[in-house]
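# Residue-level structure breakdown
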Amino acid sequence: MGTALFFLGQVLLWGVPSWASEEAEALCAQTACYTIHWGKHNWADAQEKCKSNGGNLVTMKSQEEALYVQDLLAKLPRREAGPEGQARLWIGLHREKGKCYQQHQLLKGFSWASGGEETDYARWLREPRGTCTGRRCVSLHWNTAAPSSSALGWADGPCSGSAARAQGYLCKFSFQGMCRQLALAGPGKVTYTTPFGLDSASLAAVPFGSQATVSCQGQDPGPFPVCKAQAGGGFEWSSPGPLCASPRHGCAYSNGGCQHQCLELAGGSFRCACRPGYQLGGDLLSCSPVDYCSAQPCQGECMGRPGGFECRCPAGYALAGDGVSCADVDECLREPCQEGCVNTPGGFACTCPPGYEPAGAGGRRCRDVDECAQGAPCAQLCTNTPGSFLCACRPGYQRDRDGASCRDVDECLGEPCQERCVNQPGSYQCLCPPGWALAPNGVSCLSASSPTNASSATPSLRPLGEEEPAAGGGHPPGTNPATKTPAPRSDPTTRAQPGGAEPSTLQPAAISSAAGAADPMMKPDADQATDGPKLLLYYILGSVVVILLLLAFALGLLIYRKRKAKTEKKKARSTTDNYCWVLEQAEKKAVANDYR
């Protein structure tokens with residue numbers, strides 16, 4: 001009763017077939033059935049007949065689909081062929097009015113009746129017409145005398161009219177899955193009624209929702225199993241087998257209908273069994289591979305194999321010794337990183353020391369970070385170094401204890417000026433009292449009342465609120481009352497920054513413009529006047545040293561000559577000077593004769 005209701009529901013779903021009076025044949029494979037129908041129709045009528053039964057005119061988007069159509073045509077005898085043995089069959093390819101020919105596309109601007117223009121296959125016998133003013137439809141030209149791939153091709157033409165009627169059309173119906181063909185354990189016949197209304201006894205694969213009518217020899221028709229989806233996946237018949245079995249035949253007739261093994265039992269009965277690695281299906285006839293992975297034995301991925309299973313681990317893991325678990329692989333052992341490496345579950349991460357950042361493919365290398373370009377916390381100057389940076393200060397400043405900020409150096413602590421010193425940010429300024437002008441060196445002061453310097457006297461810079469002294473009264477600080485000249489004072493030109501900073505050359509912050517424009521003949525200044533006695537002393541000392549050197553030279557020369565004279569006297573004396581000469585007898589006689 002339940003099976004009958006299920007099949008009735010399928011009939012209501014798909015409707016009554018619109019081609020009950022037409023000759024048709026079908027071929028089912030994988031998840032689709034292909035049918036061929038004979039009868040002269042235009043393209044729109046053929047599409048409507050396919051659509052009303054749950055399908056569309058056939059698509060041939062791949063070589064595989066083209067082979068299915070070719071196998072279907074090969075099952076048929078020659079029917080209603082033209083004078084040259086040619087048959088035209090509508091397929092689901094058309095081009096609407098206003099849509100133009102596209103030479104660079106496989107479908108040439110045509111589209112499928114089921115929707116879309118995607119395809120990996122085309123079989124044009126000739127280029128379609130380039131017109132855009134009319135609707136064009138495509139038919140499959142089939143040479144009935146030679147049903148091979150070389151005998152099939154596409155050609156476009158008008159979609160309607162008496163000349164446009166083809167001898168037949170091809171439909172395609174898609175399904176969730178298929179049941180295998182029913183096997184009988186005894187003499188009988190099976191007829192399959194498909195959801196699209198086609199009855200056939202030759203289907204190798206029966207689409208989901210089809211009903212089978214079993215007629216065993218010598219018995220009334222029945223049962224009527226239906227191809228149904230199983231809870232665990234797959235598709236099987238609703239009534240278990242074996243069908244048409246009898247003790248008289250046992251396993252002798254068609255192996256009892258069993259797919260693998262038929263086992264004879266007592267009393268002429270039998271049962272079906274499967275080979276190792278397979279399990280008996282719900283129909284008690286078919287065998288399917290055992291799903292060892294259904295129990296999820298693997299920590300990673302489980303791959304079913306005949307008679308067992310195989311576990312696989314994701315990237316970053318390796319199969320453990322038990323063949324089931326997955327162990328993390330320590331990729332850091334291969335030293336993939338330039339610097340540091342941290343192993344992570346299923347992978348690794350490269351690290352860089354402070355002042356560097358990951359770079360290169362996968363961040364495996366490290367490059368220096370330019371902290372100065374990224375806003376390093378330096379108050380004034382910043383210098384990038386490998387892995388770090390250095391803060392520096394401009395002249396007149398020195399780094400504070402935090403190493404980043406700069407504080408002003410009070411140059412006046414070193415007393416660089418002859419008179420008053422005013423500290424300024426990064427520098428200092430020397431000031432002179434009233435009646436005195438700042439010298440060109442920016443440090444000393446010149447008397448503006450001196451006759452020598454009267455022409456070059458310039459207004460001095462002084463603090464606000466300081467008044468000039470009354471005429472003829474007092475002397476500026478730091479002056480000699482007798483000479484009215486500034487007291488001698490050293491003129492420092494270098495300074496040592498507080499806090500141990502390196503000495504640097506001081507540049508006066510302000511120099512009187514009038515002093516700079518003074519007469520060039522105005523020499524010497526106050527510093528030259530104070531340096532005169534020093535120079536005189538230097539000249540006297542130098543003269544004394546020269547005289548001493550000359551006296552030392554003369555004394556040395558005298559000693560040298562005396563020593564040389566003594567040496568020459570010693571060399572003039574002979575060795576015979578130490579002997580006493582005695583005359584011989586003859587000589588004595590001669591001398592005596594002479595005296596006589």
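These numbers were taken from a predicted model, which means no experiment stands behind them.

### Focus: the pairing of strand β4 (residues 86-95)
Side chains on a regular strand alternate between the two faces of the sheet. Most of β4 is tucked away: eight of the ten residues are buried. The sheet contact formed by β4 and strand β6 (residues 136-143) spans seven bridges and is antiparallel. Directly across from A87, in β6, lies its bridge partner W142. Where β4 lies against strand β5 (residues 111-112), two bridges are found, and the strand directions are antiparallel. Bridge pairing links H94 to S111 in β5.

### Topic: the confidence of the model for the protein
On average, residues of the protein score 77 in pLDDT, and 74% of them reach the 70 mark or higher. Segment residues 451-530 is flagged for pLDDT under 50; beyond a separation of four residues in sequence, or across chains, it makes 122 contacts in the model. Between residues 589-596, whose pLDDT stays under 50, and residues either more than four places distant or in other chains, the model counts one contact.

### Structural notes on the environment of C251
Tracing the backbone shows C251 in the loop between β15 (235-237) and β16 (261-264). Since its relative accessible area comes to 13%, C251 is described here as buried. Each C-alpha atom of the pair C251 and S269 lies 8.5 Å from the other, and the pair is 18 residues apart in sequence. Filtering out sequence-adjacent residues up to four positions away, C251 remains in contact with G256, C262, L263, E264 and F270.

### So, the sheet that holds strand β10 (residues 188-193)
A sheet is described by the order of its strands in space; here three strands give the open sequence β11-β10-β13, paired in antiparallel fashion. Only two strands of the sheet have a single partner each, and these edge strands are β11 (199-200) and β13 (211-216). Pairing of β10 with β13, which is carried by six bridges, proceeds in the antiparallel orientation. Across the sheet, the residue bridging to Y192 is A212, located in β13.

### Side note on the pairing of strand β25 (residues 347-351)
Here strand β24 (residues 340-344) pairs with β25 via five bridges, running antiparallel. Counted as the bridge partner of G340 is T351 from β25.

### Focus on the state of the cysteines
Overall, the coordinates contain 21 disulfides when judged by the stated rule. A disulfide bridge connects C50 with C171, and the sulfur atoms are separated by 1.7 Å. Handedness of the C50-C171 disulfide follows from its S-S torsion of about -65°: it is left-handed. Of this pair, C50 sits in helix α2 (residues 43-52) while C171 sits in strand β8 (residues 166-174), placing them 121 residues apart in sequence.

### Some points on the pattern of salt bridges
For side chains bearing opposite charge, pairing can occur when the charged atoms are close. This structure, assessed with the given rule, holds eight salt bridges. Taking the shortest distance from any N to any O, the salt bridge between K108 and E127 comes out at 3.6 Å. One end of the pair, K108, is in the loop between β4 and β5; the other, E127, is in the loop between β5 and β6, with 19 residues separating them in the sequence. Classification of K108 as buried rests on a relative accessible area of 11%. We classify E127 as partly exposed; its relative accessible area is 44%.

### A word on unusual backbone geometry
The phi dihedral of K108 is positive, around 60°, even though this residue is not glycine. In the Ramachandran plot, E335 falls in the positive-phi region, its phi being about 50° despite a non-glycine side chain. You can see E335 is positioned in the loop between β23 (326-328) and β24. Residue class for E335 comes out exposed when judged on its relative accessible area of 67%.

### Some words on the packing of aromatic side chains
Applying the stated rule across the entire model yields eleven aromatic pairs. Seen in terms of ring centroids, W38 and W142 are 6.5 Å apart; in terms of plane orientation they differ by 35°. Their pairing is tilted. With a gap of 104 residues between them, W38 in strand β2 (residues 32-41) and W142 in strand β6 connect regions that are remote in the sequence. A single burial state applies to W38 and to W142, both of which are buried. The interplanar angle of 45° and the centroid separation of 6.1 Å between the aromatic rings of F175 and F196 together place this pair among those described as tilted. Placement of F175 in the loop between β8 and β9 (178-180) and of F196 in the loop between β10 and β11 is noted, with a sequence separation of 21 residues between them. The exposure class of F196 is buried, given its relative accessible area of 1%. By way of ring pairs, the aromatic residues F110, W112, Y121, W124 and W154 are connected into one cluster.

### A word on the side chain of T194
Along the chain, T194 turns up in the loop between β10 and β11. Look at T194 and you get buried, because its relative accessible area is 4%. Separated by 3.0 Å, the side chain of T194 and the backbone oxygen of L198 make a polar contact. Residues contacting T194, with those up to four places away along its chain left out, are L203, P207 and S210.

Conventions used here
- Residues numbered from 1 in each chain as written.
- Predicted model: local features only at pLDDT ≥ 70, side-chain atom pairs only at ≥ 80, totals over all residues.
- Heavy atoms only, no water.
- Buried < 20%, exposed > 50% of the residue type's maximum accessible area, 1.4 Å probe, protein only.
- Helix = DSSP H or I, 4+ residues; strand = E, 2+ residues; numbered from the N terminus.
- Pairing = 2+ DSSP bridges.
- pLDDT = per-residue confidence, 0-100.
- Contact = heavy atoms within 4.5 Å.
- Disulfide = S-S within 2.5 Å.
- Salt bridge = Lys/Arg side-chain N within 4 Å of Asp/Glu carboxyl O.
- Phe/Tyr/Trp six-rings, centres within 6.5 Å; stacked < 30°, edge-to-face > 60°.
- Polar contact = N/O pair within 3.5 Å; in protein donor to acceptor, adjacent residues only side chain to side chain.

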